[in-house]
Amino acid sequence: MSGGPFYGLRRAACPNPSLPARGGLARAALALALTASPAALAAQDAAQQAQTPSATTPEPASPSASGRQIDFEARELSYNSETDTITARGAVVLRSEDRSVRADEVSWDRRSGRILATGNIRLVDEAGNQLFTESLELSETFETGAMSELLLALRAGGRLAARAAERGEDGLAVLTDAAYTACAVVDAAGCAQEPSWRITADKVIYDQQSSRVRFVGAVLELFGARLLPLPGLSIRTDDRGESGFLVPDIRITQVNGLELSGEYYWRLAENRDLTLGAYVFSNVAPMASARWRHLTGTGAYQVSAFGTFSDRATDFTGGQSFRSDPRGYLDANGRFQFSPEWSFTPSIRLASDRTFLRRYDLSRDDRLRSTFNLERITARSYLSIAGWATQTLRLNADQGQVPLALPAIDYRQRLAGKLLGGELELQANSLALLRNDGQDTQRAFAGARWDMRRLTGLGQVVTLTALVRGDVYNTRNTLSTATPSYRGDEGWSARAIATAALDIEWPFVGPALGGTQVFKPRLQLVASPRLRNLAVPNEDARAIDLEDSNLFALNRFPGHDRVEDGSRVTWGVDWELQRPGWRIKTTIGQSFRLEAPRPGLFPEGTGLSERVSDFVGRTEVRLRNLIQFTHRFRLDKDSLAVRRNEIDAAIGTRRTYLEVGYLRLDRNIATVEDLRDREELRAAARIAIGRKWSVFGSGVFNLTDEEEDPVFQPDGFQPIRTRLGIAYADDCIEFGATWRRDFIDAGDARRGNAFQVFFALRNLGFR
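Caption draft 1: Structural context of the packing of aromatic side chains. Going through the model one piece at a time under the given rule, you end up with 16 aromatic pairs. Plain terms: the ring middles of Phe223 and Phe735 are 6.3 Å apart, the flat faces sit at 75° to each other, and that makes the pair edge-to-face. With Phe223 in the loop between β14 (219-222) and β15 (225-229) and Phe735 in strand β43 (residues 733-742), this residue pair connects regions lying 512 residues apart in the sequence. Phe735 sits in the buried class, given a relative accessible area of 17%. A ring pair is formed by Tyr279 and Phe306, whose centres lie 6.3 Å apart and whose planes are at 50°; its orientation type is tilted. Here the residue Tyr279 occupies a position in strand β20 (residues 272-281), and Phe306 occupies one in strand β22 (residues 299-313), the gap between them amounting to 27 residues. In this structure Tyr279 comes out as buried when scored by relative accessible area, which is 12%.

Structure follows, in structure tokens:
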């Protein structure tokens, strides 16, 4: 059995399209829609006219036997009083509510109630599905009868063709010698083409009441070859999910061996479903998974879990100690909107041990964070009551040193109206950090910030800012923190902050090089008295580094625990050139302090530890969608040595491209473990072969040498992970193979090769 043709119903020659634009799987899939209800053709008063041209003006609607109103249009109308038959010819259109039929000719036998449409028929149901055929029987209630050589274009995507179809006494539509595909069956020029895949069936049964299409004797054909029987296959026609098995995955890894995995999707109701999975390995015990999703009246949540029983490493120092234990992973998250203002966002991520996720290739994260956040957002206020707990997956990290934050409260209120011509915002914040084997910190502060922005007559943008804040800290067990500058004083500490700033921008706009350029010098003055920074602990402001993104920030520290004090002047220059298809944007700047910063506040090498800072800048180049280039840098103020060199570049189109990322930090910071030097290269590429094939690859390489990282003493070139693959993709199918190699051992997650085959079919739940 070959199945019905997908392009034999429309006879127009190429390059005219032989099929309508595809639609989607909405209700009444077989637009056999076995729906509508044509009524008497509203032309009964014209029955005395043998052949009366009617142009295209619709006749008045007339009720059918079912009471439904039907309008029609036709070029020619005739009535045979002997047979009581009405015939409409020439671009006939019947409309009833949201259903319609178009045909070359329609005849209605009023005695039998039989309506026969012939020639270039297109029936559209209320869901937008379109049925094409050459001959169609209809009842007075628009119920379809026998058809031959039909094609159904589903609104949600997909086409169903059959040699013949008829409606049974039970109301089900039965199609014989049928075929289904989600592929386009015409090319860009409108000529017929064979679909990449299709499903052929002896029979296809359509149940309009349940919006379900069931296949009998279904076989999957790929590029014309009959490959796989699909017993019990059914799909829905209303965009809703359907319970059933998903296509299995195949993978080979160094540790787990051959892996076969499959899932069963169980749609329990309109608002909830369950997916059950099984993973079978040749080298280790099998693993099971489950994913639950639920949409409630106030929000949605999902819960995923993986579980197995296998050996795991207990010695991460190089020994071969293993223990067989239950192992697993839990991932749950959701969001609930109780009102326009109030919302709640929870998230839970937990793993049984530090190597489970990597060994089974579920995630590459090196830490898992569980959080909750209750928020209230209005036009002028924000309240957050949050908490989080972090599980470290780093082999050399001490879990006892990882803090639990409970609670973290932040409130901000912007006052209505102006105060001295500017806007005033109030803020209150509190945070409690608890550790099993480390330092405990509680913090609370309250503050206010006033901003006034003005445009002068010379075009300068002037911003005045004033900020005041009072902090209170309580710290215990400070000696357990390895870095002295992070500890703060034991017990209670307080700090008062006051900052004033003047920021002036002066943009100049004009023509240049066939485009438009913007030259904008900027000057900022910031003043703040000396603060008791080192008396309070540093929990959230450790990753300090001078960058283009924080050059003009009032506080160059990323968090609240450290505040930049003293007086400074910062200058910067922005220049941008825009031409058709081109954009070049660059910025550079530097800071000058009136007095040297307090020793220990800024680590040596961050670019901020002396009175005069390093130079920082960024350059961006864009050429249409072909080239995207970004370069960030920091230059030593004395030697102009490159202390930070970061490049992100992408060249090519969506199908053929090269992406490169490079980062080198040469800061010579030896006192703070969070700011260790490193050098890294990332690359990814895809090359299109013809219109549908492509090869792709990517890699991450550690270029850090022993001098840059004396702790781990890398050799200067260490691949971290590489990948290479080949893929085929068109509008309805995607498949390929991928090879990946990991070069780092992490407990029982060993280095080695992994091979994976992937396969996806559109519209069948395989993707």
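Caption draft 2: Quick peek at the state of the cysteines. Following the criterion strictly, the structure yields one disulfide and no others. Put simply, Cys183 and Cys732 are joined by a disulfide, and their sulfur atoms are 1.8 Å apart. Looking along the S-S bond of the Cys183-Cys732 disulfide, the torsion reads about 80°, which is the right-handed sense. Highlighted residues: Cys183 in the loop between β11 (173-181) and β12 (197-207) and Cys732 in the loop between β42 (718-729) and β43, separated in sequence by 549 residues. Its relative accessible area of 1% is what places Cys183 among the buried residues.

Caption draft 3: How the structure looks around the pattern of salt bridges. Enumeration over the complete set of coordinates arrives at 61 salt bridges. Its salt-bridge partner being Arg643, residue Asp636 comes within 3.4 Å of it at the nearest N-O pair. Owing to a relative accessible area of 13%, Asp636 belongs among the buried residues under this scheme. Residues joined by salt bridges that share partners form a network here, namely Asp545, Asp614, Arg632, Arg634, Arg644, Glu646, Asp648, Arg667, Asp677, Arg678, Glu680 and Arg682.

Caption draft 4: Examining the nonpolar core more closely. In terms of nonpolar packing, the biggest core is built from 50 residues, with Leu175, Tyr180, Trp197, Ile199, Val204 and Phe215 touching the most fellow members. When residues of this core are assigned to their parent elements, the largest contribution, five residues, is made by β12. In terms of nonpolar packing, the next biggest core, distinct from the first, is built from 12 residues, Phe281, Met287, Tyr329 and Tyr360 among them.

Caption draft 5: Spotlight on the side chain of Ser196. Here Ser196 lies in the loop between β11 and β12. A polar side-chain atom of Ser196 sits 2.2 Å from a polar atom in the side chain of Asp730. Every residue in contact with Ser196, bar those within four places of it in the chain, is listed here: Cys183, Glu221, Leu222, Phe223, Tyr728, Asp730, Cys732 and Ile733.

Caption draft 6: Representation of the pairing of β14 within the structure. Neither face of β14 is exposed, since Val219 and Glu221 on one face and Leu220 and Leu222 on the opposite face are all buried. Of the strand pairs in this sheet, β12 and β14 are connected by four bridges, and their pairing is antiparallel. Paired with Ile199 across the two strands is Leu220, which belongs to β14. The sheet contact formed by β14 and β15 spans four bridges and is antiparallel. Residue Leu222 lies in a different strand from β15, and its bridge partner there is Ala225. Two successive antiparallel strands, β14 and β15, enclose a turn made up of two residues, where Phe223 displays a positive phi of approximately 50°.

Caption draft 7: Seen up close, the environment of Val255. Assignment of secondary structure puts Val255 in the loop between β18 (249-253) and β19 (257-269). The spacing of Val255 and Ser282 is 27 residues in sequence and 9.7 Å in space, taken between C-alpha atoms. In contact with Val255, not counting residues within four places along its chain, are Asn283, Arg359, Asp748 and Arg750.

Caption draft 8: Molecular detail of a nonpolar patch on the surface. A contiguous nonpolar surface patch, about 580 Å² in accessible area, is contributed by Ile250, Ile252, Leu258, Leu260, Val280, Phe755 and Val757. Elements supplying a minimum of two residues to the nonpolar patch: β18, β19 and β44 (752-761). Here Leu258 falls in the partly exposed class, since its relative accessible area comes to 37%.

Caption draft 9: Region of interest: the environment of Asn283. Relative to the assigned elements, Asn283 resides in the loop between β20 and β21 (287-295). Classification of Asn283 as partly exposed rests on a relative accessible area of 48%. Taking the C-alpha atoms as reference, Asn283 lies 5.3 Å from Gly257; in sequence the two are 26 residues apart. Here Asn283 is in contact with Gln254, Val255, Asn256 and Gly257, once residues within four sequence places are set aside. Looking at Asn283, its side chain comes within polar contact range of the main-chain oxygen of Val255, at 3.3 Å. Of the polar contacts made by the side chain of Asn283, one reaches the side chain of Ser282; its length is 3.3 Å.

Caption draft 10: Molecular detail of the pairing of strand β31 (residues 491-505). With 15 bridges joining them, strand β30 (residues 461-476) and β31 adopt antiparallel strand pairing. Bridge assignment links Arg469 to a residue of β31, and that residue is Ile497. Strand direction decides the pairing type here: β31 and strand β33 (residues 515-528), joined by six bridges, are antiparallel. Directly across from Glu505, in β33, lies its bridge partner Arg522.

Cut-offs used in this document
- Residues numbered from 1 in each chain as written.
- Predicted model: local features only at pLDDT ≥ 70, side-chain atom pairs only at ≥ 80, totals over all residues.
- Heavy atoms only, no water.
- Phe/Tyr/Trp six-rings, centres within 6.5 Å; stacked < 30°, edge-to-face > 60°.
- Helix = DSSP H or I, 4+ residues; strand = E, 2+ residues; numbered from the N terminus.
- Buried < 20%, exposed > 50% of the residue type's maximum accessible area, 1.4 Å probe, protein only.
- Disulfide = S-S within 2.5 Å.
- Salt bridge = Lys/Arg side-chain N within 4 Å of Asp/Glu carboxyl O.
- Core = buried A, V, L, I, M, F, W, Y, C linked by side-chain atoms within 4.5 Å.
- Polar contact = N/O pair within 3.5 Å; in protein donor to acceptor, adjacent residues only side chain to side chain.
- Contact = heavy atoms within 4.5 Å.
- Pairing = 2+ DSSP bridges.
- Patch = residues over 30% accessible without salt bridge, like charges linked within 9 Å, V, L, I, M, F, W, Y side chains within 5 Å.
- Areas by Shrake-Rupley, 256 points an atom, 1.4 Å probe, with all protein chains shown as cover.

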